[in-house]
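So the chains spell out like this:
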Amino acid sequence: MFYKGGLVYSNKVVIVSSMYSKERIISSFSHRLEPTLDIHKDKLLVSPCGFDNSTWDPSKDKFLPKNYSADDLKGKSICKVALQQQLG
């Protein structure tokens, strides 16, 4: 089963759901993977569907080395280089 191998050998698993908690997903929607999910539940992250534009806005994000937007993409390449340097 591919899903089980993915769970076992991954560092993190992101589940997209805006309605259910991690525990509910493990118990109700796990398609016979309950034992594996229970063992590796510390790897599971539940992410809401979509994202909040007010929080994730690169034109206003104070943590980026250079802000950018759809109209002005110059800062995006600066951010990419900074990220690559940070990650080695």
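Further up the page is the structure itself.
Per chain, the residues get numbers from 1 upward, laid out in the order the sequence is written. This being a predicted model, a pLDDT of at least 70 is required before a residue's local features are given, and a value of 80 or more before pairs of side-chain atoms are given or counted; all residues contribute to the totals for chains, interfaces and linings. Note that water and hydrogens are dropped before the side-chain values are worked out from all heavy atoms of the structure.

Draft legend 1. Region of the structure containing the overall build of the protein. Across its full length, the protein holds four helices and two strands. Along the protein, helices and strands appear, N-terminal first, in the series α-β-α-α-β-α. The C-alpha radius of gyration computed for the protein amounts to 18 Å, which surpasses the reference 12 Å derived for 88 residues by more than 25%, pointing to a less compact arrangement than a globule. Along the first, second and third principal axes, the C-alpha set of the protein runs to 50 × 30 × 20 Å. Under the scheme applied here, a residue whose accessible area is under 20% of the maximum for its type counts as buried, over 50% as exposed, and between as partly exposed, the area being computed with a 1.4 Å probe on protein chains only. Each of the 88 residues in the protein was classed as buried or not, and the buried ones make up 18%. Summarising the internal contacts of the protein: among those between residues at least 6 apart in sequence, 55% fall at separations of at least 24. The accessible surface values rely on the Shrake-Rupley method and a 1.4 Å probe; as for residues, cover is taken only from the protein chains in view. If you sum the accessible surface of the protein, you get close to 7400 Å²; carbon and sulfur atoms cover 58% of it. Only runs of H or I of at least four residues qualify as helices and only runs of E of at least two qualify as strands under DSSP, and these elements are numbered from the N terminus. Note on method: radius of gyration uses C-alpha positions; expected globular size equals 2.2 Å times residues raised to 0.38. Throughout, a residue-residue contact means that at least one pair of heavy atoms, one from each residue, lies within 4.5 Å.

Draft legend 2. Fine view of a nonpolar patch on the surface. On the surface, a nonpolar cluster with roughly 260 Å² of combined accessible area is contributed by Val14, Val16 and Leu45. Turning to its location among the elements, Val16 is positioned in strand S1 (residues 13-16). What goes into a patch is any residue over 30% in relative accessible area without a salt bridge, connected to like charges within 9 Å or, for nonpolar side chains (Val, Leu, Ile, Met, Phe, Trp, Tyr), within 5 Å. Between Lys or Arg on one side and Asp or Glu on the other, a salt bridge is scored when a side-chain nitrogen of the former is within 4 Å of a carboxyl oxygen of the latter.

Draft legend 3. Seen up close, the nonpolar core. To form a nonpolar core, buried Ala, Val, Leu, Ile, Met, Phe, Trp, Tyr and Cys residues must be joined to one another through side-chain atoms within 4.5 Å. Membership of the largest hydrophobic core is limited to eight residues, which are Leu7, Val13, Ile15, Ile25, Ile26, Leu33, Leu37 and Leu44. In contact with Ile26, other than residues within four places in its own chain, are Glu34, Leu37, Asp38, Lys41 and Leu44.

Draft legend 4. A look at the side chain of Lys43. Here Lys43 is to be found in the loop between helix H3 (34-39) and strand S2 (44-47). For the buried Lys43, which has no salt bridge, the nearest side chain bearing the opposite charge is Asp42, at an N-O separation of 6.6 Å. In protein, a polar contact means a hydrogen-donor-capable atom and an acceptor-capable atom, both N or O and within 3.5 Å, with residues adjacent in sequence counting only if both atoms are side-chain atoms; elsewhere, any N or O pair within 3.5 Å suffices. Only 2.8 Å separates the side chain of Lys43 from the backbone oxygen of Val8, close enough to count as a polar contact. Those residues in contact with Lys43, other than ones at most four positions away along the chain, are Leu7, Val8, Tyr9, Ser10, Asn11, Lys12 and Val13. The charge count includes Lys and Arg as positive and Asp and Glu as negative, but it does not include His or the ends of the chains.

Draft legend 5. Expanded view of the pairing of S1. Covered by surrounding structure in S1 are Val13 and Ile15 only, the residues Val14 and Val16 on the alternate face being uncovered. Pairing between strands requires that DSSP locate at least two bridges from one strand to the other. As defined by bridge partners, S1 adjoins S2 across four bridges and the pair is classed as parallel. Bridging across to S2, Ile15 finds its partner in Val46.

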